[in-house]
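An overview of the molecular structure
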Amino acid sequence: MKKRRAFLKWAGGKYELVDTIKQYLPEGEQLIEPFVGAGSVFLNTNFKSYILADINHDLIALFKLLQSNPEQFISDLKLLFNHQNNQAEAFYQLREVFNYSKDQYLRSLLFVYLNRHCYNGLCRYNNSGLFNVPFGRYKTIYFPERELYYFAQKAQKAEFICTPYHEAMKLAKRNSVIYCDPPYLSPNESAGFTAYYSNNFGYEEHMRLSQLAESIAYKKDIPVLVSNHDTEYTRTLYNKARHLYRAEMRRSISCAGEGRKKIDEILALYQK
């Protein structure tokens with residue numbers, strides 16, 4: 001199976017790790033992803049059906065539009081990718097249009113535009129719910145036409161829902177498999193939480209997720225695979241998992257007072 005890239009840039013995206021994830025992902029008929037992000041695991045697996053969830057309404061609305069009307073959407077999107085719009089003034093004007101528009105089709109077009117033109121492809125909103133990532137200053141911008149069409153094709157096997165992770169996980173049935181890619185805990189444990197969309201995904205949520213994974217796996221016999229940084233804390237957090245695997249890929253991260261360093265990732269498999 002040819003490795004496929006997502007059409008969105010995404011902080012913490014799993015493209016580089018997807019082969020390792022597939023190695024440890026149990027077999028089943030349906031994959032549920034409560035934190036779908038850009039969808040790299042979805043794009044590179046071959047389940048009969050998918051339930052793909054996220055709390056970011058803009059992201060899920062975009063995926064639904066691409067699923068239902070790819071030709072028109074991609075054609076309209078391409079018009080935004082030109083030299084004139086790869087300038088700071090145009091970027092900030094279009095970002096303002098996005099932030100105050102109630103037109104979901106326009107917001108979805110601009111969501112992709114902003115993602116490909118903003119700094120590092122970040123997706124960040126302020127406390128008022130306004131997208132606030134600055135202009136990225138790229139010399140050239142790649143229009144991901146092939147990636148968009150492939151996503152739209154694969155999306156015919158998927159159901160996209162905007163809902164919290166615990167609601168998505170409750171939809172699992174026999175022959176379902178759940179893969180969770182939550183906002184990672186900071187390796188510097190004093191950080192205390194990870195910002196995710198407009199919410200904070202902190203220690204309490206990670207504990208809740210681990211407990212829910214344990215309950216679903218051992219009481220309902222539905223396997224759950226969870227990703228995170230490999231730290232002493234996460235190994236304690238996932239101590240009820242059947243297996244803890246160290247991912248081969250190493251991410252470069254920055255911690256306050258520590259500078260740049262390398263850290264492994266962990267995959268916790270909850271399975272009877």
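Residues numbered from 1 in each chain as written. Predicted model: local features only at pLDDT ≥ 70, side-chain atom pairs only at ≥ 80, totals over all residues. Heavy atoms only, no water.

1. Concerning the overall build of the chain
Of the regular secondary structure elements, the chain holds ten helices and nine strands. The proportion of buried residues among the 272 residues of the chain is 52%. Contacts in the chain between residues at least 24 apart in sequence constitute 68% of all its contacts with a sequence separation of at least 6. A total accessible area of about 13,500 Å² is found for the chain, and carbon and sulfur atoms account for 46% of it. (Helix = DSSP H or I, 4+ residues; strand = E, 2+ residues; numbered from the N terminus. Buried < 20%, exposed > 50% of the residue type's maximum accessible area, 1.4 Å probe, protein only. Contact = heavy atoms within 4.5 Å. Areas by Shrake-Rupley, 256 points an atom, 1.4 Å probe, with all protein chains shown as cover.)

2. A short note on the confidence of the model for the chain
A low pLDDT means the predicted coordinates there should not be read in detail. Looking at the chain as a whole, the pLDDT averages 91, with 90% of positions reaching at least 70. In the model, residues 190-198 has pLDDT below 50 throughout and makes 23 contacts with residues more than four positions away in sequence or in other chains. This model gives residues 252-260 a pLDDT under 50, and the stretch forms 15 contacts once residues within four places in sequence are excluded. (pLDDT = per-residue confidence, 0-100.)

3. Quick notes on helix H7 (residues 145-154)
When we look at burial in H7, the residues that qualify are Glu 147, Leu 148, Tyr 150, Phe 151, Ala 152 and Lys 154. Where H7 is buried, its residues contact helix H2 (40-43), strand S2 (49-54), helix H3 (57-68), helix H4 (70-78) and strand S3 (158-162).

4. Considering the environment of Ile 32
With respect to the secondary-structure elements, Ile 32 resides in strand S1 (residues 30-33). Once the C-alpha coordinates of Ile 32 and Phe 47 are considered, the two residues, 15 residues apart in sequence, prove to be 9.9 Å apart. If sequence neighbours within four positions are ignored, Ile 32 has contacts with Ile 51, Ala 168, Leu 171, Ala 172, Ser 176, Val 177, Ile 178 and Tyr 179.

5. Brief notes about the pattern of salt bridges
Counted according to the given criterion, the structure contains ten salt bridges. The closest approach of N and O atoms between Arg 235 and Asp 230, which form a salt bridge, is 2.8 Å. Since its relative accessible area comes to 31%, Arg 235 is described here as partly exposed. Here Asp 264 ties to Arg 246 by a salt bridge, and the two come within 3.5 Å at their closest N and O atoms. (Salt bridge = Lys/Arg side-chain N within 4 Å of Asp/Glu carboxyl O.)

6. Things to note about the UniProt feature "binding site: S-adenosyl-L-methionine" (unreviewed entry) in the chain
What UniProt calls "binding site: S-adenosyl-L-methionine" (unreviewed entry) maps, in this numbering, to Trp 10, Lys 14, Asp 54 and Asp 181. Mapping Trp 10 onto the fold places it in the segment before helix H1 (18-24). Position of Asp 54 among the secondary structure elements: in strand S2. Classification of Asp 54 by relative accessible area gives buried; the value is 1%. (UniProt positions renumbered as here; feature names shortened; annotations may be inferred.)

7. Focus on the packing of H4 against H7
The N-to-C vectors of H4 and H7 enclose an angle of 160°; their axes lie 10 Å apart at closest approach. In terms of orientation, H4 lies roughly antiparallel with respect to H7. You can see that H4 and H7 cross each other, and the crossing is right-handed. For the pair H4 and H7, contact is made by Pro 70, Glu 71, Ile 74, Leu 77 and Lys 78 and by Glu 145, Leu 148, Tyr 149 and Ala 152, respectively. (Axes fitted to C-alpha atoms, helices over the stretch in contact; angles between N-to-C directions. Parallel < 35°, antiparallel > 145°, perpendicular 65-115°, else oblique. Left-handed = near helix turned anticlockwise from the far one by under 90°.)

8. Regarding the nonpolar core
By size, the foremost hydrophobic cluster in this structure holds 55 residues, and its most contacted members are Phe 7, Leu 8, Phe 63, Leu 77 and Phe 151. Ignoring any residue separated from it by four or fewer positions in sequence, one finds Leu 8 in contact with Ala 38, Leu 59, Leu 62, Phe 63, Phe 111, Val 112, Asn 115 and Arg 116. Counting residues in hydrophobic clusters, the runner-up holds 27 residues, among them Tyr 165, Ile 222, Ala 241 and Ala 268. (Core = buried A, V, L, I, M, F, W, Y, C linked by side-chain atoms within 4.5 Å.)

9. A few points about the packing of H3 against H4
Two elements in contact, H3 and H4, have axes whose closest approach is 6 Å; the angle formed by their N-to-C orientations is 115°. Between H3 and H4, the contacting residues are Leu 62, Leu 65, Leu 66, Gln 67 and Ser 68 on the first element and Pro 70, Phe 73 and Ile 74 on the second.

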